[in-house]
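Take a look at the letters that make up each chain.
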Amino acid sequence: MNLTYDTVKESAYYLQQSGFGVPTVGIVLGTGLGNMVEKISNPVSVPYSSIPYFPESTVEFHKGSLIFGQVGDTNVVIMQGRFHYYEGFTMQQITFPIRVMKELGIKYLFLSNAAGGMNPAFRKGDLVIVEDHINLLPDNPLRGLSDPLFGQRFVDMSQPYDAELMNMLDTATSNEHTPLQRGTYISVMGPNLETKAEYRWLRSTGADMVGMSTVPEVIVANQVGIKCVAVSVITDECDPENLQPINISEIIEIAGKSDKILSQLFEDVIKQLSKN
Ligand code: HPA
């Protein structure tokens, strides 16, 4: 795909013609995390396969639709299923939906992901706010983009996740764990999980959790001036001295158990935003 700004506009136009209004919030749902979709009223759902220039998810457990609707009084757009580098997509394909959501009008981006917990304080099922990240993915979504319509090239990343949104998650009405834990997320290519030696090394970088997503979307969101907040659901405990085998169905099952509380927190913050 040759990314030009016209392709972004064409996708956004297609969605507007399909019944999408102007969203304030974009939401990207991670592996095993779909409950947020049930919180939307008046949903308009468009399969990725019909949106011009959208890639099609190759992960069988990721649904592939973009959904517009309301959470309370706020217009939102949800990506039910995201794109990963390990699927073979380019970084520009992975982040194309973020550019389209920006073109539609979003000001805020809420992201969730399933992640391995390397901080020994983290337990399976915990929700952890992504406070910062380390990018170990082998490519960058801004690489090769010189058209200023996409935003600046040397994007500042001194505060990629919005402090106010993080605090709003902590004070969300349904939060039973105030404040939520926070951590640094490190993104890897996958799709294999890590060896003991890799977890040991990843932990030594200062990272608290590891996963295969989120960072490309956050880089582009920062380029185009969208405020981001991200939450990891810890699906496995990555203690190199006591590493248990893990498979993807367990990861999905554990993410599923925390899905309801995560979507409740997102809903609370979105409703609070509309009062600001
Ligand atoms: N490593 C990488 N990605 C992951 C993990 C992990 O342990 N758990 C969930 N996603």
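Let us look at the structure shown here. (Residues numbered from 1 in each chain as written. Predicted model: local features only at pLDDT ≥ 70, side-chain atom pairs only at ≥ 80, totals over all residues. Heavy atoms only, no water.)

Quick word on the site of the ligand
- Every one of the 13 residues lining the ligand counts as a neighbour, but Gly-116, Glu-194, Tyr-199, Thr-235 and Asp-236 are closest to it.
- The contact in question runs from a nitrogen atom of the ligand to an N or O atom on the backbone of Ala-114, over 3.4 Å.
- Within the side chain of Glu-194, a nitrogen or oxygen atom sits 2.6 Å from a nitrogen atom of the ligand.
- Taking 260 Å² as the accessible area of the ligand by itself, protein coverage stands at 96%.
- Here the ligand is seated within the largest pocket.
- When residues of the shell around the ligand are traced back to their parent elements, those giving at least two are β5 (108–117), β8 (209–211) and β9 (227–237).
- Ranked by residues supplied to the shell around the ligand, first place goes to β5 with three residues.
- For the shell around the ligand, a count of residues per class yields eight nonpolar, three polar and two charged. (Near = heavy atom within 4 Å. Polar contact = N/O pair within 3.5 Å; in protein donor to acceptor, adjacent residues only side chain to side chain. Areas by Shrake-Rupley, 256 points an atom, 1.4 Å probe, with all protein chains shown as cover. 1 Å grid on protein atoms, 1.4 Å probe; cavity = no way out; pocket = protein on both sides within 12 Å on 5 of 7 lines; lining within 4 Å. Sits in = over half its atoms within 2 Å of the grid points. Helix = DSSP H or I, 4+ residues; strand = E, 2+ residues; numbered from the N terminus. Nonpolar A, V, L, I, M, F, W, Y, C, P; charged D, E, K, R; others polar.)

Some details on helix α5 (residues 215–223)
- The element α5 is extensively covered by neighbouring structure, given that nine of its nine residues are classed as buried.
- Listed as buried for α5 are Val-215, Pro-216, Glu-217, Val-218, Ile-219, Val-220, Ala-221, Asn-222 and Gln-223.
- In this structure, the buried side of α5 is in contact with β1 (25–28), α2 (91–104), β5, β6 (127–135), β7 (181–187) and β9.
- Looking one or two residues beyond α5, the residue adopting positive phi is Gly-225, at roughly 80 degrees. (Buried < 20%, exposed > 50% of the residue type's maximum accessible area, 1.4 Å probe, protein only. Contact = heavy atoms within 4.5 Å.)

Observations concerning the layout of surface pockets
- Within this model, the largest pocket holds a volume of roughly 350 Å³.
- Looking at the lining of the largest pocket, the elements with two or more residues in it are β5, β8, β9 and α6 (248–275).
- Top contributing element to the lining of the largest pocket by residue count: β5, with four residues.
- Here the residues of the lining of the largest pocket are counted per class, giving twelve nonpolar, eight polar and three charged. (Points joined across faces, edges and corners; volume = space filled by probe spheres on them.)

Quick notes on helix α3 (residues 163–170)
- Leu-165, Met-166, Met-168, Leu-169 and Asp-170 are the residues of α3 that are buried.
- In the core, the buried residues of α3 are packed alongside β5, β6, β7, β9 and α6.

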